Every structure is written in C-alpha cells, then in structure tokens.
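Below are the chains, spelled out letter by letter.
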Amino acid sequence: MLAFRSEAHVEGWCRQRSVAKGAVFSFDQLWDLARTWYSDRLSPRWTRATAAEAQRVFDGLGLSGPFWRLQ
Amino acid sequence: MERDAAVRVELYRQFVGSGRAPTHAEVGEALGLGEDEAAESFRRLADAHTIVLKPGTLELWMAAPFSAVETRYRVETPLGSFYGNCAWDSLGVLAMLDTDGVVSTTCDDCGQELELRVDGSRIAGDGVVHFLVPAAHWWDDIGYT
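Residues numbered from 1 in each chain as written. Chains lettered and ligands numbered in written order. Predicted model: local features only at pLDDT ≥ 70, side-chain atom pairs only at ≥ 80, totals over all residues. Heavy atoms only, no water.

Peer 1: Give a description of the overall build of chain A that names residues and reports values.
Peer 2: Each helix and strand in chain A was counted, giving three helices and two strands. If you list the helices and strands of chain A from N to C, you get β-α-β-α-α. The globule rule puts the C-alpha radius of gyration for 71 residues at 11 Å, and the 15 Å found for chain A is more than 25% above it. Across its three principal directions, the C-alpha atoms of chain A cover 45 × 25 × 20 Å. The contacts in chain A between residues at least 6 apart in sequence include a share of 30% that link residues at least 24 apart. Accessible area of chain A: about 4000 Å², with a carbon and sulfur share of 49%. The centroid of the 10 positive side-chain charges in chain A is displaced by 6 Å from the centroid of its 7 negative side-chain charges. (Helix = DSSP H or I, 4+ residues; strand = E, 2+ residues; numbered from the N terminus. Rg over C-alpha atoms; globule rule 2.2 N^0.38 Å. Contact = heavy atoms within 4.5 Å. Areas by Shrake-Rupley, 256 points an atom, 1.4 Å probe, with all protein chains shown as cover. Lys, Arg positive; Asp, Glu negative; His and termini not counted. Charge placed at Lys NZ, Arg CZ, Asp CG, Glu CD.)

Peer 1: Give me the lowdown on helix α2 (residues 24-31) of chain B, citing residues and values where you can.
Peer 2: All names here are of chain B. Within α2, the full set of buried residues consists of His24, Val27 and Gly28. Take α2 and look down its axis: the buried residues cluster within an arc of 100°, on one side only. Contacts made by the buried residues of α2 are with α1 (2-18) and α3 (35-47). Gly32 lies just past α2 and shows a positive phi near 75°. (Buried < 20%, exposed > 50% of the residue type's maximum accessible area, 1.4 Å probe, protein only. Arc of directions from axis to C-beta.)

Peer 1: Describe the domain arrangement of chain B, naming the residues involved and giving the relevant values.
Peer 2: Residue and element names in this part refer to chain B. Under the domain assignment used here, chain B contains domain 1 (2-61) and domain 2 (74-136). Counting residues at the interface gives five residues for domain 1, matched by six residues for domain 2. Roughly 340 Å² of surface becomes buried between domain 1 and domain 2 when both sides are summed, with 72% attributable to carbon and sulfur atoms. Sorting the residues of domain 1 by area buried against domain 2 places Tyr12, Val16 and Gly19 first, and these three jointly supply 79% of that buried surface. The interface formed by domain 1 and domain 2 includes zero salt bridges. (Domains from an automatic or database assignment. Buried area = accessible area lost by both parts, 1.4 Å probe. Salt bridge = Lys/Arg side-chain N within 4 Å of Asp/Glu carboxyl O.)

Peer 1: Now, about the interface of chain A and chain B: what can you tell me, with residues and values included?
Peer 2: With 42 residues of chain A in contact, the opposing surface of chain B contributes 48 residues. Taking both sides of the interface into account, the surface hidden between chain A and chain B amounts to around 4200 Å²; carbon and sulfur atoms contribute 67%. Among the residues chain A hides against chain B, the three largest losses belong to Met1, Phe27 and Trp31 of chain A. Together they make up 23% of the total. Between the two partners, chain A and chain B, sit zero salt bridges. There are 19 residue pairs in polar contact (both at pLDDT 80 or more) connecting chain A and chain B. (Polar contact = N/O pair within 3.5 Å; in protein donor to acceptor, adjacent residues only side chain to side chain.)

Peer 1: Describe in detail the pairing of strand β6 (residues 101-106) of chain B, supporting the description with residues and values.
Peer 2: Residue and element names in this part refer to chain B. Of the strand pairs in this sheet, strand β4 (residues 74-77) and β6 are connected by three bridges, and their pairing is antiparallel. Its bridge partner being in β6, Glu76 is matched across the sheet by Val102. Two strands pair when backbone bridges link them, and β6 and strand β7 (residues 113-119) are joined in this way by six bridges, in the antiparallel orientation. By the bridge assignment, Val102 is partnered in β7 with Arg117. Linking two consecutive strands that pair antiparallel, namely β6 and β7, is a turn of six residues; a positive phi of about 85° is found at Gly111 within it. (Pairing = 2+ DSSP bridges.)

Peer 1: How would you explain the packing of α2 of chain B against α3 of chain B if you had to name every residue and give the values?
Peer 2: How two helices sit against one another is set out by the angle between their axes and by the gap between those axes. Residue and element names in this part refer to chain B. Interaxial distance between α2 and α3 falls to 8 Å at its minimum, and their mutual angle equals 115°. The hand of the α2/α3 crossing is right-handed. Contacts between α2 and α3 involve His24, Ala25, Val27 and Gly28 from the former and Glu35, Ala38, Ala39 and Phe42 from the latter. Among the residues forming the contact of α2 with α3, the class breakdown is five nonpolar, two polar and one charged. (Axes fitted to C-alpha atoms, helices over the stretch in contact; angles between N-to-C directions. Left-handed = near helix turned anticlockwise from the far one by under 90°. Nonpolar A, V, L, I, M, F, W, Y, C, P; charged D, E, K, R; others polar.)

Peer 1: Lay out the packing of aromatic side chains in plain terms, naming residues and giving numbers.
Peer 2: Tallied over the entire structure, the rule returns 17 aromatic pairs over all chains. With centroids separated by 5.8 Å and ring planes inclined at 45°, the aromatic side chains of Trp88 of chain B and Phe131 of chain B adopt a geometry described as tilted. With Trp88 of chain B in helix α4 (residues 87-97) and Phe131 of chain B in strand β9 (residues 128-131), this pair connects stretches of sequence that are 43 residues apart. Residue class for Trp88 of chain B comes out buried when judged on its relative accessible area of 4%. Among the aromatic side chains, those forming a connected cluster through ring pairs are Phe25, Trp37, Tyr38, Phe58, Phe67 and Trp68 of chain A together with Trp88, Phe131 and Trp138 of chain B. (Phe/Tyr/Trp six-rings, centres within 6.5 Å; stacked < 30°, edge-to-face > 60°.)

In structure tokens, the structure reads:
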C-alpha cells in the first residue's frame, strides 16, 4: 500500500509497470482504516481478525466491491 | 495458546520501548522461557500470520504495523521513531500507540516528499494511497501488496 501525490501519479506508476490500478483513496480514509484496524493491537486480548470480521471492518468503512472481498 | 499470546504482547512491549525488533531470545528471557520455547512460539505466530519472519530465519520482519527493517515510511512520535511496513501501517503505528506524530515518505511515482501529520486524532497531508493487490490476495506475498 503505497503513497502517491495524486491519483494521476498512481496511474502513471501503473502504466510504467503495466499493472492494473487497484484501489485508490484519500489519507483521511486511510487514517480511518488504520485506526479501526490497529487501535487495539497492543491489547493482551487482541486476536487476529477472522475473514468475516475483517470483511465487516471494510464494509463499515465503505470499502466494498470485488477488490475488498475476502472470501 | 496462552504462551503465544504472552510472547506477542511482550514482543510488542519491547518493540515500543526500544524502537527496534526484539529477538525471540530476548522475548523468551523476559517471560522466563527457554530459547527453544520462544523460537517455537515465534514460528507459531508466524504460521498464524500474526507476525512475519524474514524468510528462513527467526528474525522479525513485520510485527504489523511495525517494520523491523528500514522502509520508506518513517514514523516520528513522542514515544520514539519507527518504520511502518507501508502507508497503511505507518498510520497504524500512530493509531496503535494512540499518539500524534508525523509520517515521512515519498511519492512512489515521482519521489516528491510527502508528509502525513496526525494531530489530536485529525490527519493532514496531501496525497492518496494505492492498494495494488486485492484484499483476498494480500497473504499470497505480504511483502508485495
């Protein structure tokens, strides 16, 4: 998951490598994802999310569609 | 397993405290475990995708969101300096530590410096993140996502 100046720079990077563009979103949305995903990581009670739990996290943040489908 | 949970917690405690990845022996010693027991626990945690070891070794590569090796995602916090594995993980360091801080990186396309600043739970910084690999395939090669 790499940072870019803009979506145009993502597209240039993908063209140069002949790879299809994946999912692009803002740092605001990434911060929401980071907080949801990692805020409890230091807790002794933390356990790795199951696929279903991870899917709920993505869905809750509006990360939907085939790209975000885990199963 | 209880032991693996304790090893995981101790591993992160040492990582936060020192700013570097502890060895299995260091983690085991803190918990009163033998080196073999700590090694087995590291292997089980890696098998469960809780941590990532450098290929063919017992050395930590990733204890997400921390990277044990230098990356292009440096995270400065009042608690110390760390490296995230990627853009997501670099902000994950700040979220996990519940602290303000600054992520310094560069645009992967043009090399321009980018800064993501978290202050009072708000983020400032111009740019976007690109997830190249669909979520279902991240663990096909966790070093390339």
